[in-house]
Amino acid sequence: MMVSLSRIVRCGLIAASAIGLSACSKDQILGNHIRQFTLDHALPVILKTDDVPMICNANDGLAPLVMAYGRFNVEIDLMMGFGFAGSSICTENQAVEKELWSALAERQGWTDVAIDARISQQLLNKEAALKQLKAYQHSVNYFKNEYGYELGEGKCPKFKYEVDELLLFVGAVSALQALQNDVASGRLVNVDMGIPPKIVHAMECLDNQKWWGFPQSLQAALIVVLPESEEKQAEGWRKLQEAVDIGLKDGMRLGHATYAVVAYIKGREDYLRDALKRFEAVPSDKINPDYKLLDAIAEKQIRHLANRLWMQKEGRRAPTEGYSDFLDEKRQPDPKLDGLLDDI
């Protein structure tokens, strides 16, 4: 049986294309496999760990590998969004340590040491802000490429996967942290001040109850930090506290950290103490086991704020436990005993 020439040519072209595709895309196939394995199997395990230094150091080591696969048309924005956000944690922690050293040295009268530590802190704040800004930018790129969605503008996308919602969550937080670190650095990065309003709109794309009240807490945070009126600011504080209670139902304390950070930024020591007490009062067995990493990151933020307050009040960082049990509160006279000794 004879085979037509056209069929031979057609089959030859198909075979050649298949061979060429296979030869050119082995790295792409491997990269896509690594990406899918990471999202399906590694990420759930990562979220269950509370070892923050391990995670941020791992991100430092693996980021170049992930970036390299971008050369082979592998989608890397999602993983790099998570990666830079995770990597920034250790850098931010180092910056806070330098801040504490600077404050302590200043109290002791060690001017040169205080100035040196302050400069080091600002440079670390800059580095953390750059990483967090990259996390945000990768998130923006992901949603633009995968959904045609400009983050914080227009109609919200219909998410295909839950991990996409998590990326929006992480990207939004990274953007606000980048701005915070930029301010602490003395604006060495000059983060775009037009980003926060976009974050407010982007949070409308997430289910507030599903994501532990955190979208509400971010929106409320910006209302308090940049209030339109005293009434709006009071409403923002109320929503911040309400978000804390929503998150606590699912064993999540992210809202506590946001509440505490905003209180620190606004100089509201009463709210800051309230946030610290609420956070520390939650028993460890009530924490959501599927998201221990997020809680551990929130705890780092809370402890940083407690350390700053203790350094201001007592000249040293907060104790390992009982950091919300302030000594000046213990020294306050008991109102029930006022006047009791006056007649003796």
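Just above sits the structure.
These figures come from a predicted structure and were not determined experimentally. (Residues numbered from 1 in each chain as written. Predicted model: local features only at pLDDT ≥ 70, side-chain atom pairs only at ≥ 80, totals over all residues. Heavy atoms only, no water.)

Caption draft 1: Spatial organisation of the state of the cysteines. On inspection of all chains with the given rule, the structure shows two disulfides. Between C56 and C90 runs a disulfide, and the two sulfur atoms are separated by 1.8 Å. Taken as a pair, C56 in helix α2 (residues 52–68) and C90 in helix α3 (residues 77–108) lie far apart in primary sequence, 34 residues in all. Here C56 falls in the buried class, since its relative accessible area comes to 0%. At a sulfur-sulfur separation of 2.0 Å, the disulfide partner of C156 is C205. One disulfide, between C156 and C205, carries an S-S torsion of -80° and so falls in the left-handed class. With C156 in the loop between α4 (111–147) and α5 (162–185) and C205 in the loop between α6 (195–202) and α7 (214–225), this residue pair connects regions lying 49 residues apart in the sequence. (Disulfide = S-S within 2.5 Å. Helix = DSSP H or I, 4+ residues; strand = E, 2+ residues; numbered from the N terminus. Buried < 20%, exposed > 50% of the residue type's maximum accessible area, 1.4 Å probe, protein only.)

Caption draft 2: Main features of the packing of aromatic side chains. By the definition in use, this model includes 14 aromatic pairs. The interplanar angle of 75° and the centroid separation of 6.0 Å between the aromatic rings of Y147 and F159 together place this pair among those described as edge-to-face. Taken as a pair, Y147 in helix α4 and F159 in the loop between α4 and α5 lie far apart in primary sequence, 12 residues in all. Residue Y147 shares its accessibility class with F159, and that shared class is buried. Centroid distance Y259 to Y271: 6.0 Å. Interplanar angle 50°. Geometry classified as tilted. (Phe/Tyr/Trp six-rings, centres within 6.5 Å; stacked < 30°, edge-to-face > 60°.)

Caption draft 3: Layout of the pattern of salt bridges. Within this structure, the stated rule accounts for 21 salt bridges. With its nearest N and O atoms 2.9 Å apart, the salt bridge here joins R308 to E99. Taken together, the residues span a long stretch of sequence, with R308 in helix α11 (residues 292–314) and E99 in helix α3 at a distance of 209 residues. Assigned by exposure class, R308 and E99 land together as buried. Connected through salt bridges with shared partners, the residues E269, R273, K277, K313, D328 and E329 form a single ionic network. (Salt bridge = Lys/Arg side-chain N within 4 Å of Asp/Glu carboxyl O.)

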